[in-house]
Amino acid sequence: QAMIDGMVSNLASRLETDGKDLAGWQRLIRALTVLGRTDEARAALERARKSLADEPQALAALSDLAKTLGLGT
């Protein structure tokens, strides 16, 4: 569990530096959801939307992911 938490933390840190990585955001949001950390997944979703605000296709992909994972729209 500690190794998984470390990997998730490393990914989150990298995305704070390079927020234009849609696939990275999707992995982080999925991982947090699978770990039952729904509030953190929603917060990551909002950070991803802010980071990718100028990319309509990325925003659509994030909305689809949110619906699929039960995180809202």
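Since we're looking at a predicted model, the values are computed, not measured.

Overview of the environment of P56
Tracing the backbone shows P56 in helix 4 (residues 56–69). Put simply, P56 and D18 are 38 residues apart on the chain and 18 Å apart in space, counted from C-alpha to C-alpha.

A word on the nonpolar core
Judged by nonpolar contacts, the single largest core of 18 residues is most densely connected at W25, L28, I29, L32, A44 and L62. If you list the elements that add at least two residues to this core, you get helix 1 (2–17), helix 2 (22–34), helix 3 (38–51) and helix 4. With residues up to four places along the chain from it excluded, the contact list for W25 reads L15, E16, G19, A44, R47, A48, S51 and L52.

Comments concerning helix 4
Helix length check: helix 4 (14 residues) gives 20 Å between terminal C-alpha atoms against 20 Å at 1.5 Å per residue, within 8%. Along helix 4, the residues that are buried comprise A58, L62, L65 and A66. Considered in projection along helix 4, the buried side chains sweep an arc of 100 degrees and stay on one side of the axis. Exposed side of helix 4, more than 90 degrees from the buried face: P56, Q57, K67 and T68 are the residues found there. Close packing links the buried residues of helix 4 with helix 2 and helix 3. Of the residues flanking the end of helix 4, it is G70, one or two places downstream, whose phi is positive at about 75 degrees.

Side note on the environment of G19
Structurally, G19 can be placed in the loop between helix 1 and helix 2. Taking C-alpha positions, G19 is 8.8 Å from K50, a pair spaced 31 residues apart along the chain.

Brief notes about the confidence of the model for the protein chain
Put simply, the protein chain has an average pLDDT of 95, and 100% of its residues get 70 or more. By mean pLDDT, the top-scoring element of the protein chain is helix 4 (98), and the lowest-scoring one is helix 1 (93).

Here's the deal with the pattern of salt bridges
Summed over the entire model, instances satisfying the criterion amount to six salt bridges. The residue E40 makes a salt bridge to R37 at a minimum N-O spacing of 2.9 Å. Counted as one network, the salt bridges with shared partners bring together D5, R37 and E40.

Looking at the environment of L69
Counting through the fold element by element, L69 comes out in helix 4. A relative accessible area of 26% places L69 in the partly exposed class. Separated by 50 residues in the primary sequence, L69 and G19 place their C-alpha atoms 21 Å from one another. With near-sequence residues (within four places) excluded, L69 lies in contact with I29, R30 and T33.

What counts, and at which threshold
Every chain is numbered on its own, with residues counted from 1 as its sequence reads. Note on the predicted model: pLDDT of at least 70 is required for a residue's local features to be given, and 80 or more for side-chain atom pairs to be given and counted; whole-chain, interface and lining totals, by contrast, use all residues. In computing side-chain values, all of the structure's heavy atoms are included and hydrogens and water are not. Secondary structure elements follow DSSP: runs of H or I of four or more residues count as helices, runs of E of two or more count as strands, with numbering from the N terminus. Only buried residues count toward a nonpolar core. Its members are Ala, Val, Leu, Ile, Met, Phe, Trp, Tyr and Cys residues joined through side-chain atoms within 4.5 Å. Exposure is judged per residue with a 1.4 Å probe applied to protein chains only, and the accessible area is read against the type maximum: over 50% gives exposed, under 20% gives buried, and values in between give partly exposed. Two residues form a contact once any of their heavy atoms are found within 4.5 Å. For a helix, the expected span equals 1.5 Å multiplied by the residue count minus one. What the arc describes is the spread of directions from the helix axis to the C-beta atoms. Confidence of the predictor at the level of single residues is captured by pLDDT, which takes values from 0 to 100. Salt bridges are identified by distance alone: a Lys or Arg side-chain nitrogen within 4 Å of an Asp or Glu carboxyl oxygen.

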